[in-house]
Amino acid sequence: MSVGSIVSVAQMRQLEQAAIANGVSEDDLQRAAGLAVAQECWMAMGTMEGRPVLVLVGSGNNGRDALIAANHLYEYGASVFVYAATVGQVNDPIWNEIAANDIPHAFAENDQDFLELETLLERTAVVLDGLLGIGFDPKGRPIEGLYAEILYRIKIASETIPPVRIFAVDVPSGLDADTGLADPHTVASELTVTFGYAKVGHFVGDGRKFSGRTVEVDIGIPKEVIDSFEIPYQTLRLHELRKALPDRPSDGHKGTFGRLLVISGSKTYPGAARLAVDSAVRTGVGSVVLAAPASIQNVVGVLPDISHLPLTDASGFLGSHAADELLEYLINRPPSAVLLGPGLGLNDDTREFVQSFIGGLNEALPNGFKGLVIDADGLSALAAAGDWSTLNENHLILTPHIGEMAMISGLEKDFIRENKLSVASQFAVDTRSTVVLKGAGTVIASHDGHARLSEAATSALAHAGTGDVLAGLVGGFLAQGLTPLDAGSVAVYMHSEAGRQVSEVYGDAATLASDLIRALPDARKVLDVPETRI
């Protein structure tokens, strides 16, 4: 089992079927799953002796996993009560084990007005939610009837003081394990014990809010089965990201660590240029050059850690003449990578600038060019052109938020939000680019179909300018020679780490993009491999 991999429902089903075809029975898989759930509950609670645990059991495989867990929790000394939605099958050996252990149980369909459930909830410390599993579709089959009544009462219990703790089996009941869409009756879990691999829906859409801490457990899928499957999706893992960073030899110089050209800023958004270059220099890149309108030099020219390339502008915005100047500069002083877009503004002049610059870029750049990052207004201008073909010779990174993704893809925002991972992955393949689709649970998708997903989600980053900071980080790491996928991944991790650090001091609401800049040195240090001490 590869820690950090995430799968769709279909991929998990394929893994389970392959395991069965390889000689592992479905019962073996379920018994391993139920045991793992009980063990994680034990570790989360600290002790089980005498602790009241209410186990909710649905009619599907998820309910059977919960029943197996109930038996183990009973063996650990917990005071277990099983509350099933429907009457269990008499010949099911798991139900027979419940009866043999004399574990008390009740059935919702026999519980008039759910009075017994309400009484149980007043007495229990923990609810183990095994009502609905990863096959549930909240759009196609909304929760109603018995399940709605049960979950309504669980939600009330979870909001009491002190609250009843909620642990979920594989996925919180009502959450779509692919899209993260939650049925209105879904109850947020403190802990979700998921089988084999975390599911995409744990991290996208409403998934984070409802899944709580997600723990992956081994259910006995053979290694040879896992090795035969390519799992293209992963979460960001710090120890893996550290491996992607370049060495920093003590005899290195600024040329050793790359040169980034940042094309950014306008009279409307001079601050975007400052945020982009200030973040880029904190990545470890050797040098940064800011190409900006000459008329805003009084604002950006005071930055001491970068070089400046003032460009001819049209009333504070870059135009076609600036594109010609810039392309000539590239021929004479080629950078390792280019960041285009933050704060350019959007009008006829900037559209013409972006399209002229992109059109001549291939001829102006030498071999060994690491790539081009296009952000913000650069994406808007490029979308107006509607032609990506001229970019295919370069390593291209696109950094849209949901609205910009809708603009460049033609898809509806709600569809993108509900299918974030698959949309970013497919667009990256179609455009032969790397896509960094920003927002809670940022997706970094590569042109080869692989993608990574950040587990970070915080409103501290929901402020103007934080995207400019991220764009600068992506460009800085790309200029140092990281692959586009690694550059985007490391940048997203460092960005969210800075947001976390600042939020701890100022809170989410008061955190500004400029605050992130001050936190970047410490956030960058987190990426360094710790010194080994004995």
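Residues numbered from 1 in each chain as written. Predicted model: local features only at pLDDT ≥ 70, side-chain atom pairs only at ≥ 80, totals over all residues. Heavy atoms only, no water.

**Student:** Teacher, can you tell me more about the pairing of strand S2 (residues 52-57) here?
**Tutor:** Moving residue by residue along a regular strand, the side chains alternate between the two faces of the sheet. Counting buried residues in S2 gives five out of six residues, a clear majority hidden from the surface. Here six bridges tie S2 to strand S3 (residues 79-84), and the two strands are oriented parallel to one another. Within S3, the residue paired with Pro52 across the bridge is Ser79. Regarding topology, helix H3 (residues 61-75) serves as the crossover connection from S2 to the parallel S3, and that connection is right-handed. (Buried < 20%, exposed > 50% of the residue type's maximum accessible area, 1.4 Å probe, protein only. Helix = DSSP H or I, 4+ residues; strand = E, 2+ residues; numbered from the N terminus. Pairing = 2+ DSSP bridges. Right-handed = clockwise from strand over helix to strand, strands pointing away.)

**Student:** Mind showing me how you'd approach the sheet that holds strand S7 (residues 191-195) here?
**Tutor:** Whenever strands of a sheet pair, they do so through backbone hydrogen bonds, lying parallel or antiparallel. Spatially, S4-S3-S2-S5-S6-S7-S9 is the arrangement adopted by the seven strands of the open sheet, whose pairing is parallel. Only two strands of the sheet have a single neighbouring strand rather than two, namely strand S4 (105-107) and strand S9 (213-217). Direction aside, neighbouring strands of the sheet carry axes that sit 20 degrees apart on average. The pairing of S3 with S4 spans three bridges and is classified as parallel. Bridge pairing in S4 places Ala84 opposite Phe107. (Axes fitted to C-alpha atoms, helices over the stretch in contact; angles between N-to-C directions.)

**Student:** What should I look at first to understand the side chain of Lys420 in this one?
**Tutor:** Residue placement: Lys420 occurs in helix H17 (residues 420-431). We note that Lys420 is buried and unpaired, the nearest opposite charge coming from Glu404 at a distance of 12 Å. Only 3.5 Å separates the side chain of Lys420 from the backbone oxygen of Lys438, close enough to count as a polar contact. Other than its neighbours up to four places away in sequence, Lys420 contacts Ile402, Leu437, Lys438, Gly439, Ala440, Gly441, Thr442 and Val443. (Lys, Arg positive; Asp, Glu negative; His and termini not counted. Salt bridge = Lys/Arg side-chain N within 4 Å of Asp/Glu carboxyl O. Polar contact = N/O pair within 3.5 Å; in protein donor to acceptor, adjacent residues only side chain to side chain. Contact = heavy atoms within 4.5 Å.)

**Student:** How should the packing of aromatic side chains be read in this particular structure?
**Tutor:** What describes a pair of aromatic rings is the distance from one ring centre to the other and the angle between the planes of the rings. Counted under the stated rule, the structure contains three aromatic pairs. On the numbers, 5.5 Å between centres and 45 degrees between planes, the contact of Trp95 with Phe107 is tilted. Taken as a pair, Trp95 in helix H4 (residues 93-100) and Phe107 in strand S4 lie far apart in primary sequence, twelve residues in all. Its relative accessible area of 10% is what places Trp95 among the buried residues. Residue class for Phe107 comes out buried when judged on its relative accessible area of 16%. Measuring from centroid to centroid gives 6.1 Å for Phe353 and Phe357, while their planes differ by 15 degrees, and the two rings are stacked. In this pair, Phe353 and Phe357 both sit in helix H13 (residues 348-364), four residues apart, roughly one turn of the helix. Here Phe353 matches Phe357 in class, with each residue buried. (Phe/Tyr/Trp six-rings, centres within 6.5 Å; stacked < 30°, edge-to-face > 60°.)

**Student:** Would you mind showing me how to read the pattern of salt bridges here?
**Tutor:** Oppositely charged side chains can form a pair if their charged atoms are brought close together. Under the defined criterion, the tally for this structure stands at 21 salt bridges. Glu118 is paired through a salt bridge with Arg153; the nearest N and O atoms lie 2.8 Å apart. Residue Glu118 is located in helix H5 (residues 115-123), and its partner Arg153 is located in helix H6 (residues 145-158); the two are separated by 35 residues in the primary sequence. Assessed through its relative accessible area of 31%, Glu118 is described here as partly exposed. Given a relative accessible area of 14%, Arg153 falls into the buried group. A salt bridge links Glu240 to Lys243; the shortest N-O distance between them is 3.5 Å. With Glu240 and Lys243 both in helix H9 (residues 238-244), this residue pair falls three residues apart, about one helical turn. Judged by relative accessible area, which is 42%, Glu240 ranks as partly exposed. A relative accessible area of 62% places Lys243 in the exposed class. What you see here is one network of salt bridges that share partners, running through Asp27, Arg31, Arg64, Asp92 and Glu97.

**Student:** I tried to follow the pairing of strand S18 (residues 396-399) on my own but got confused; where do I start?
**Tutor:** Going residue by residue along S18, you find Leu396 and Leu398 tucked away on one face and Ile397 and Thr399 tucked away on the opposite face as well. Here strand S17 (residues 371-375) runs beside S18; their pairing, made up of four bridges, is parallel. The residue of S18 that forms the bridge with Ile374 is Leu398. Strand direction decides the pairing type here: S18 and strand S19 (residues 434-437), joined by two bridges, are parallel. If you follow Ile397 over to S19, its bridge partner there is Thr434.

**Student:** Before we go on, may I ask you to explain helix H18 (residues 466-479) in this structure?
**Tutor:** Look at H18: 20 Å from first C-alpha to last across 14 residues, which is about the 20 Å you get at 1.5 Å a residue. For H18, the tally of buried residues reaches 13 of 14 residues, placing the bulk of the element in the interior. Of the residues flanking the end of H18, it is Gly481, one or two places downstream, whose phi is positive at about 100 degrees. (Expected span 1.5 Å × (residues − 1).)

**Student:** What am I meant to see in H13 here?
**Tutor:** The α-helix advances 3.6 residues per turn, and as a result positions three or four apart in sequence lie on the same side. The terminal C-alpha atoms of H13, which comprises 17 residues, lie 24 Å apart, in line with the 24 Å expected from a rise of 1.5 Å per residue. Among the residues of H13, those classed as buried are Thr350, Phe353, Val354, Phe357, Ile358, Gly360, Leu361 and Ala364. On the buried face of H13, the contacting elements are strand S11 (259-263), strand S15 (317-318), helix H12 (320-332), strand S16 (337-340), S17 and helix H14 (377-385). With a side-chain oxygen lying 3.0 Å from the backbone nitrogen of Asp349, the N-terminal cap of H13 falls on Asn347.

**Student:** Got a minute to help me understand the sheet that holds strand S21 (residues 451-453) in this structure?
**Tutor:** The twelve strands lie next to each other as S8-S1-S10-S21-S20-S19-S18-S17-S16-S11-S12-S13, forming an open sheet whose pairing is mixed. Here the strands that pair on one side only, and so sit at the sheet edges, are strand S8 (198-199) and strand S13 (307-311). In this sheet, strand S12 (residues 287-293) lies alongside S11 in parallel orientation, the contact comprising five bridges. Along S12, the bridge assignment pairs Val262 with Leu290.

**Student:** Would you mind showing me how to read the packing of helix H10 (residues 270-280) against helix H20 (residues 513-526) here?
**Tutor:** Packed helices, taken two at a time, are described by their axes: the angle between them and the distance between them. Running from N to C, H10 and H20 point in directions that differ by 15 degrees, and their axes come no closer than 10 Å. It follows that H10 is roughly parallel to H20 by the angle criterion. For the pair H10 and H20, the crossing hand works out as left-handed. Residue-level inspection shows Leu275, Asp278 and Ser279 of H10 in contact with H20, the latter providing Ala513, Ser514, Ile517 and Leu520. Considered class by class, the residues forming the contact of H10 with H20 number four nonpolar, two polar and one charged. (Parallel < 35°, antiparallel > 145°, perpendicular 65-115°, else oblique. Left-handed = near helix turned anticlockwise from the far one by under 90°. Nonpolar A, V, L, I, M, F, W, Y, C, P; charged D, E, K, R; others polar.)

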